[in-house]
Amino acid sequence: MAPIKPVLLEAVGVPDGHTLASYRARGGYAPLEQTLAGKQPGDVVEMVKASGLRGRGGAGFSTGLKWTFLPKDHPGPIYLCVNADESEPGTFNNRILMEDDPHQVIEGIILSSYATRASTAYIYLRYEYPQSWHRLQGAIDEAYAAGYLGKNIRGSGFSLDVFLHRGAAAYICGEETGLIESLEGKRAWPRIKPPFPAIEGLFRKPTVVNNIETMACVAQIARRGVEWFRSIGVPSDPNNPRDPGSYGPKLYCLSGHVERPGCYEAPLGITARQLIDHYGGGVWKGRKAKAVIPGGISMGLMTEGELDTPLDFAGPGKVGCLGLGTAAVVVIDETVSIVDFLHNSCRFFAHESCGQCTPCREGTSWSLRILERIRAGKGRLQDLDLLLEMGNTMGMMPGSTICGLADGAAWPMKNAIRKFRGEFEDYIRRTNPDGWMVTDPVPALAIVGAH
Amino acid sequence: MPQVIVDGQEIEIGAHERLNCIEAARRAGKEIPHYCWHPGLSVVASCRMCLIETGQRDAATGRIAMVPKLVPGCQTPVKDGTVIVTESALVKESRARVEEALLIDHPIDCPICDKAGECLLQDYHFEHGQPQRRADLQPFHSRRRDVGPTVTLFVDRCIMCTRCVRFTREVSGTGELMVTSRGAKEEIDSFPGFPLDNKLAGHVVDLCPVGALGDRDFLYQQRVWFLKHEANVCGGCATGCSIITEHNQDTVYRLKPRENPHVNKWWMCDEGRYGWHHLHDPARLLSAERRTAPDRSGAAWQTIDWPEVVDRLRSDLAAAGGLAVAVSPMLTVEEAWMLCAVARSIDPAAFLAVGHVPRQGSDETFPGGFTIRAEKCPNRHGVEAVLALFDPAVPGWDDLLAHVRGGRARSAWVTAGYPAPWPAPWIDADTAAAFAGLSCLVVQDLFPSALSDQATWRLPAVGFAERAGTWVNAGHRAQCFEQAIRPPAGVWPEGRLLWNMLGRRGLYDPVAVRRQIAGAAASLAALDGDVPATGIDLRILQLASNGTPSPA
Ligand SMILES: Cc1cc2nc3c(=O)[nH]c(=O)nc-3n(C[C@H](O)[C@H](O)[C@H](O)COP(=O)(O)O)c2cc1C
Ligand code: SF4
Ligand code: SF4
Ligand code: FES
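Residues take numbers from 1 onward in each chain, read along the sequence in its written order. Whichever chain is written first is A, and whichever ligand is written first is 1; the rest continue in order. Per-residue local features of the predicted model are confined to residues with pLDDT of at least 70, and side-chain atom pairs are confined, for both listing and counting, to 80 or more; whole-chain, interface and lining totals are unaffected and use all residues. Heavy atoms from the whole structure form the basis of all side-chain values; hydrogens and water molecules are not counted.

## Let's talk about the confidence of the model for chain B
All names here are of chain B.
Phase 1: The share of residues in chain B with pLDDT of 70 or more is 96%, and the mean pLDDT across the chain is 94.
Phase 2: Confidence scores per residue from the predictor, reported as pLDDT, run from 0 to 100. When checking whether two residues touch, look at their non-hydrogen atoms; a contact exists if any pair is within 4.5 Å. Overall, residues 547–552 carries pLDDT values under 50, and its contacts beyond four positions in sequence, including any with other chains, amount to three contacts.
Phase 3: The complex prediction reports pTM at 0.94, with the ipTM value standing at 0.93.

So, in structure tokens, the structure goes:
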């Protein structure tokens, strides 16, 4: 797949690229002015629909379609929530967009608000991003001063206020309804659906939640056109009428054991191997990859043999991963123990489960404790089946939880054990030579054993 | 009629009924286990115990399409053609796993847990759980802390259903309880300096499906399997909540609300909940006594056997003549009616008035719609309805005081039965002095008072759980109830005394009296026949019998 000239990352390395002046010099805000002067909100929705843009926040839902779920002619307020909570391990593309080109994001927000008739937009920002906070707030202030935000923007009659809200550092605040609860000042416990946010979201009003990169894409589609966007990426599968394709550039976050980690703009559909070799300079220290996370830890693991999988919205699913996720590609080299990897993954999800749903709350914590025991040399082969059972039954897909965090916790468990079972078994046999084969029920309560 | 198919069995539901799968399955006799769902609280669908399989039958073709995953029954509404599967292998495995997960960190201290015997975690474990524990963790800590003056939290028994939290937010509107921390480290707690202290707080214990929340009034007093249950009505205020009196060996241990959509939904207030202790107060009047010194200055009392009371009370009052009677709003409709009948048989011109109606503060309505009434008696409406049959003017307590103060009475019979301690005694010495000049004063009460000090006859009354009969609440709803416990030895309930004074034979039979009243009074005709457990609205029949719709 041929490399493309960076568009979303155009401002990276440009001196003062984050300023309004620089953004305007690159052609920014002109599309907004043209839109406000000559287009109806419905035209913008149609443009985004036609572009085939799919959300960059993880689920890959068609952005234009999502906007059409809003009630027609809603008399009250509509809100846009921009998801900048970016907490999926390995993901940092939102951060680069916010720090290096905040006006691109803001132009996307204004266009999206115009399209959805939202008069207020909230940016929910991950707490640990102080620089993004400064840059975004600076850009918002500049945009107000230049008349791109506020009342009656550029005489169009359209008004928009943007508020920057800093979260308090919890992964679950990135789940769209957890984000909404948190914005309302509550504990970020994801809501049950229906009603979906488009019908009843923030402050019980129709709400759209979109990712920062999605906003940047909207700005670029407005500037460069639908045809440009559709010229990049992977068209929809003609044999699958339900595949909307994977169009446009994507910011891949490459990290882990590569020579040149970083955020790279590439066409959707680049393979993991191309990404690692062409952009990342190969696996570091001349080693081989053992496994690669395709799009954030929630998406599971690809083996070295699966690295030719295209990283589009449909690709990772074909090798048993959950999906493309955030396109955060983390390379794990051959020296890493998969047992340690899974332990680390379980620790993350046990720490971040919001604790609402029994299977997720207890499953993430129990799996962590099993992994701790295995690493302490007390593992048994039967533990692997238990972990697999948990992985298979925990999540929105089997229907046992409210949100997708549990699926994200389950996938690394399933993938690691299915794809690396031999390594787990060897580890357990080696570290627990006397007990690996025991299948007796574990005495539950030694203390009240007399009963 | 919409049809729902539960495990293959078709049931009809109402055209406009909005039921979830748990409720619909219940109609078919299938219980879907659930923790977090409660009909009086918002749906959170977080415990995941109610997961079931569902599908939809196509109306045209009859083909059934199943949803390819489990769904929470509590969150899933049913409509025509909804298919519910509650017993599939997938469902059973999922329940077993939820049970297993909930027990991972549970201290399993059932032998010392007050909830044992009425604990959903126990019950569901036996029914849906796995025979063996797979978690080789030794979860042994069991921490306890008070979250308020009446409620204590056994932290590690909590299964995080959040019913208690939602109750304080949605029903009491006080919001003292919250969830702290995250994931498996979560705990229920109150915010420092804001303990769980509101007039409905006791509910969180009823709502808790496990032994995490304990009522300090009940804690370790009685094993629940010893308790007997009687459907009762709370006498604490004019709301007249439907309750269950839980008792053993004539001792009440706790009261709980009984679901009644027309009165209290699922709730009752703490004043009512803990308002039974007076039943077992040693200061109660326990025998029928007649003053020996004629001038009432001496305190010499003679205990009279009840059969003898029946005759001598009548002859004393007849001899004095000029009878005035206060019919207490604590009495049942049946007792009130018999009292009026007895009084008129002694003195055909007897002055009959509603007894003292205690009031305190003003009505208080909570966000969930529950109301605590200022009128602290259960049956003013019932007593008034009965009195109207005898005297359309329906005089009140103040009229009776004026009547006595005006010298128009020579004897009086004051029924009371007010639970103590009130903030102040129900009658003060000044008011009681009005009765000083009478030649015969009968006072029937739970506790001694300034008035009983004046009495010629001092008779014990009984408390709410010791009565049977009918009360009519502030909303004109008549509820009938049985006696839960026997009164203390030597005490005849008012009904029994009056029954005997009317010359009726055998045991006092409130149902017979109720039927008799219903036959005699069109306004109370609805009390004929069986009254459902949730009561009947008398107003509707009163409107119909009068033929004049009233604006109320
Ligand atoms: C546990 C969890 C965490 C999530 N975190 C994020 C996040 O940090 N940023 C984000 O944009 N989307 C996140 N999402 C996805 C959002 O729920 C939502 O799908 C997304 O913001 C929609 O935006 P898009 O349509 O533009 O992709 C998360 C989802 C889950 C289940
Ligand atoms: S799946 Fe996990 S993180 Fe999501 S709502 Fe349930 S408990 Fe919370
Ligand atoms: S204390 Fe009881 S009611 Fe409250 S969340 Fe825990 S289990 Fe539920
Ligand atoms: S009762 Fe349905 S999830 Fe708890």
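## As for the domain arrangement of chain A
Residues and elements named next belong to chain A.
Phase 1: What fixes the domain bounds is an automatic or database domain assignment. By the assigned domains, chain A splits into domain 1 (20–231), domain 2 (246–331) and domain 3 (338–450).
Phase 2: Each of domain 1 and domain 2 was reduced to a C-alpha centroid, and the two centroids are 26 Å apart.
Phase 3: Contacts between domain 1 and domain 2 engage 21 residues on the former and 21 residues on the latter.
Phase 4: Here the quantity called buried area is the accessible surface, traced with a 1.4 Å probe, that two parts lose on coming together, added over both. Of all residues in domain 1, Arg56, Glu88 and Phe92 bury the most surface against domain 2, accounting for 29% of the area lost on that side.
Phase 5: Think of a salt bridge as a Lys or Arg side-chain nitrogen and an Asp or Glu carboxyl oxygen that are within 4 Å of each other. Where domain 1 meets domain 2, there are one salt bridge.
Phase 6: Measuring nitrogen to oxygen at the nearest pair gives 2.7 Å for the salt bridge that ties glutamate 213 to lysine 250.
Phase 7: As used in this structure description, the phrase polar contact means that two N or O atoms lie within 3.5 Å; if the pair is within protein, one of them must be able to donate a hydrogen and the other to accept it, and residues adjacent in sequence are counted only when both atoms belong to side chains. One can count eleven residue pairs in polar contact (both at pLDDT 80 or more) joining domain 1 with domain 2.
Phase 8: Counting from the N terminus, the helices are DSSP H or I runs at least four residues long and the strands are E runs at least two residues long. At the level of elements, helix H5 (93–100) and helix H10 (226–230) are the ones that each hand at least two residues to the side of domain 1 that touches domain 2.
Phase 9: Amino acids outside the nonpolar list (Ala, Val, Leu, Ile, Met, Phe, Trp, Tyr, Cys, Pro) and the charged list (Asp, Glu, Lys, Arg) are all regarded as polar, and Gly is one of them. Class assignment of the residues belonging to the side of domain 1 that touches domain 2 gives a composition of seven nonpolar, nine polar and five charged.

## Focus on the interface of chain A and chain B
Phase 1: Across the contact, 40 residues belong to chain A and 39 residues belong to chain B.
Phase 2: Across the chain A/chain B interface, buried area totals approximately 3,300 Å², and carbon plus sulfur atoms make up 56% of it.
Phase 3: Ionic pairing is found between Arg187(A) and Glu186(B), a salt bridge with its closest N-O pair at 3.0 Å.
Phase 4: Seen at the junction of chain A and chain B, the total is 16 residue pairs in polar contact (both at pLDDT 80 or more).
Phase 5: Every element with two or more residues in the side of chain A that touches chain B is listed here: helix H13 (338–352), helix H14 (358–378) and helix H15 (381–393) of chain A.
Phase 6: Broken down by element, the side of chain A that touches chain B gets its largest block of residues, eight residues, from H14(A).
Phase 7: In the side of chain A that touches chain B, the residues fall into 21 nonpolar, eleven polar and eight charged.

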